[in-house]
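Structure assessment
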Amino acid sequence: VSGVDHVLLDRHRRFSDPAAGWTEEFLVPAIGGARTVAVLTRPSGLPRSVGWVICHSFGLEQLNLDRCEVLTARALARSGSTVLRFHVQGYGDSERRWDPPTLAGHLAGAEDAVALLASEGVDRIGTFGIRLGGTVATLVADRLDLPLLAAWEPFSDGSTYLRDFRRLHTLSALTGGSAGDLPDPSPLGWTDVAGFVLTDQTRREIEAIDLARDVGSFRGEALIGAASRGGSGGPRAAAVTRHLQALGASCATEVIRDPTGPLLGQFHFKTRADDPHVEVDSQLELFKRLAESTAGWAAGRSKG
Amino acid sequence: MIEVPVFVPHGREALASVLAIPDGKPRGCVVLTTGVGAPRSHRFSVWSKTAERLANVGIASIRWDYLGLHDSTGEVPVVQWSDDLVRQTLAVATFAKRVLGVDRMAAAGNCLGARLALRAAADMDGSVGAICMLPPVLERRWFHRLLRQLGASRSGRGWIPRMLRRVGGAGSEGNDGRHRPGAALLRLKDLAVRTDPTMEGPFRRALRTGRVLFLFGDADLIERGAAMERLGRLIRRLPPDAASRCEVRTLTGGTLVRLGSVQIQRETIDTVAEWMDARFSDAP
């Protein structure tokens, strides 16, 4: 483009924070059939042979969990891993931003991202995700026969997720969105769920998820995490753990006790009662603990 | 159009940003800012879609993440209005201007981003204007905070709401089934707030060289009625030529809070793209 200082642009694609122990680089790769924006986080020191692809969650959870995912990517890099995070087509800065996101797009995007990370010279690649992102990470780790998986609060079946999705978006509707009803089939083939376009096709794709049936060969090492108020793991993470163990996978479990644990995936900024001009991140501590916990577990997996 | 993600330097940290550059020489550049909790692309990609629409009419844009949030670096325990937020916005604008070699700039934002867009329009060289969606117009007075704190206390939980209802009158039920407070309570609420004193200066400065559009959703008329009323008072105090460069518009399709419907998102994108197109078509 004429008149644009491309040298200056190129110089600012990377940011290095040696004190924090990581370096980040923006990429614009083709993932899921079109261009998107991705961030590659590398350790400042000598990288280990392990890499991670972050599979973001679905709908509004993509942005409600992104701070947690960024913290996790940087914590993993600090402990020696190379990490790739990206926007699935239909989200954020992706080229097909006008198209409603699909589950197939999440899966295809994660598979392409694994191939991209492999081209960076990483030998052992794992997938990481939270909630439906954890489910996608599990499906992709199985499909691609990956050696590593880290999934927090994954859903073993899609219909349970959709019930939760509806509840989350109905809560959002209370603060200004449209109603959370999901008629099937909807008159237009899609439903406006508090501003999110959920197509009938995507809903059916998600409803059809059954990890007990869809994941049949994963025998790698997995971290299955949960966050709860009381410190118990909860049935969802337990169901995924049981299934992976039955397949022969080596599963570690981690539970973070946090009062906001059940709200993972929801909008987490709260206005401070005594000062309406101050917004507090009510889940920052949970995010930090989840990131450190994942990185601590992953550090032990680097030998292979 | 090409889009280039960059880390814009800000002190020792970096603000994750995406420059959307149209084919050919850009007519100008718009700084797109969000409210707290939304990344640079905004909820439901509203800013990245807007960026594409702007590029289609030859206007560049830069959308960015606040320091310590999303892909930006740094640590921020809380997000609150500060001079540093203004410096962040201006750092992004200056970077875009330098990279693109453009003279004319504009800004758009919602909530906290609306306040920053106004400041940017006031302080950027070559500013042609700002769009402020759901601007935080009001500042609460000390007795608003006192009532709030009393209301939150255990002893105040029961009697304060009861007293306010008694003082405020019975109120009425609106067409939407929501309760409207009585006239006296509305008056009390009006006295408990004032127009944010930090708003008027930048507002007047922004209008010296450009135009300002305030946007609300039709469902915001009740919740934000007091803010809109104060905004009206502020505009009426302006000299006629400045007031003529200012507009308050209501979009149909619900509330702009969290862009909670597909229709309000479409209206927002259309409005921002068309208004900016007109601004960069105005004679310099």
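Data block above holds the structure.
Residues numbered from 1 in each chain as written. Chains lettered and ligands numbered in written order. Predicted model: local features only at pLDDT ≥ 70, side-chain atom pairs only at ≥ 80, totals over all residues. Heavy atoms only, no water.

Here the focus is the packing of aromatic side chains. Counting across every chain of the model gives 13 aromatic pairs over all chains. Where Phe15(A) meets Phe7(B), the ring centres are 6.0 Å apart and the plane angle is 45°; that geometry is what we call tilted. Of this pair, Phe15(A) sits in strand E1 (residues 14–17) while Phe7(B) sits in strand E1 (residues 2–10), each in a different chain. Aromatic side chains Phe58(A) and Tyr161(A) sit 6.3 Å apart centroid to centroid with 80° between the ring planes, which places their arrangement in the edge-to-face category. One end of the pair, Phe58(A), is in the loop between strand E6 (50–55) and helix H2 (61–64); the other, Tyr161(A), is in helix H6 (residues 158–174), with 103 residues separating them in the sequence. (Phe/Tyr/Trp six-rings, centres within 6.5 Å; stacked < 30°, edge-to-face > 60°. Helix = DSSP H or I, 4+ residues; strand = E, 2+ residues; numbered from the N terminus.)

Residues and elements named next belong to chain B. Note that Ser 127 resides in strand E7 (residues 127–133). The class for Ser 127 is buried, based on a relative accessible area of 4%. Setting aside its immediate chain neighbours within four residues, Ser 127 contacts Met 105, Ala 121, Thr 209 and Gly 210. (Buried < 20%, exposed > 50% of the residue type's maximum accessible area, 1.4 Å probe, protein only. Contact = heavy atoms within 4.5 Å.)

Time to look at the nonpolar core. Ranked by internal contacts, the top residues of the largest apolar core, which has 137 residues, are Leu244(A), Phe203(B) and Met276(B). In this structure, Leu244(A) is in contact with Thr138(A), Leu149(A), Val215(A), Phe218(A), Ala222(A), Ile224(A), Ala249(A) and Cys251(A), ignoring residues within four places of it in sequence. Counting residues in each nonpolar core, the second largest holds 25 residues, with Trp52(A), Ala73(A), Ala150(A) and Trp152(A) among its members. (Core = buried A, V, L, I, M, F, W, Y, C linked by side-chain atoms within 4.5 Å.)

Moving on to the pattern of salt bridges. Under the definition given, this model contains 35 salt bridges over all chains. Across the salt bridge formed by Arg85(A) and Glu24(A), the nearest N and O atoms sit 3.0 Å from each other. Of this pair, Arg85(A) sits in strand E7 (residues 82–86) while Glu24(A) sits in strand E2 (residues 22–27), placing them 61 residues apart in sequence. Residue Arg85(A) is classed as buried on the basis of its relative accessible area, which comes to 8%. In this structure, Asp71(B) and Arg40(B) form a salt bridge, with 3.0 Å as the shortest nitrogen-oxygen distance. One end of the pair, Asp71(B), is in the loop between strand E4 (60–64) and strand E5 (78–80); the other, Arg40(B), is in the loop between strand E3 (29–33) and helix H1 (46–56), with 31 residues separating them in the sequence. Like Asp71(B), the residue Arg40(B) is buried in the burial classification. Through salt bridges with shared partners, one network takes in Glu24(A), Arg74(A), Arg85(A), Asp93(A), Arg97(A), Glu3(B), Arg40(B), Glu52(B), Arg63(B), Asp65(B) and Asp71(B). (Salt bridge = Lys/Arg side-chain N within 4 Å of Asp/Glu carboxyl O.)

Attention now goes to the interface of chain A and chain B. Facing the 58 residues of chain A at the interface are 68 residues of chain B. When chain A packs against chain B, the two sides together hide about 5,000 Å² of surface, and 59% of this comes from carbon and sulfur. Three residues, Phe26(A), Arg97(A) and Trp98(A), lead the burial of chain A against chain B; their summed loss comes to 14% of the area buried on that side. Scanning the region where chain A abuts chain B turns up six salt bridges. A salt bridge links Asp71(B) to Arg85(A), with the nearest nitrogen and oxygen atoms 2.7 Å apart. Taken together, chain A and chain B are joined by 20 residue pairs in polar contact (both at pLDDT 80 or more). Elements represented by at least two residues in the side of chain A that touches chain B include exactly helix H1 (6–11), E1, E2, helix H3 (66–78), strand E10 (190–193), strand E11 (196–199), strand E15 (275–281) and helix H10 (284–299) of chain A. Residue contributions to the side of chain A that touches chain B peak at six residues, all from E15(A). Its residues assigned to classes, the side of chain A that touches chain B shows 27 nonpolar, 14 polar and 17 charged. Sheet analysis places E15(A) next to E5(B), joined by three bridges and oriented antiparallel. Paired with Glu279(A) across the bridge in E5(B) is Val79(B). (Buried area = accessible area lost by both parts, 1.4 Å probe. Polar contact = N/O pair within 3.5 Å; in protein donor to acceptor, adjacent residues only side chain to side chain. Nonpolar A, V, L, I, M, F, W, Y, C, P; charged D, E, K, R; others polar. Pairing = 2+ DSSP bridges.)

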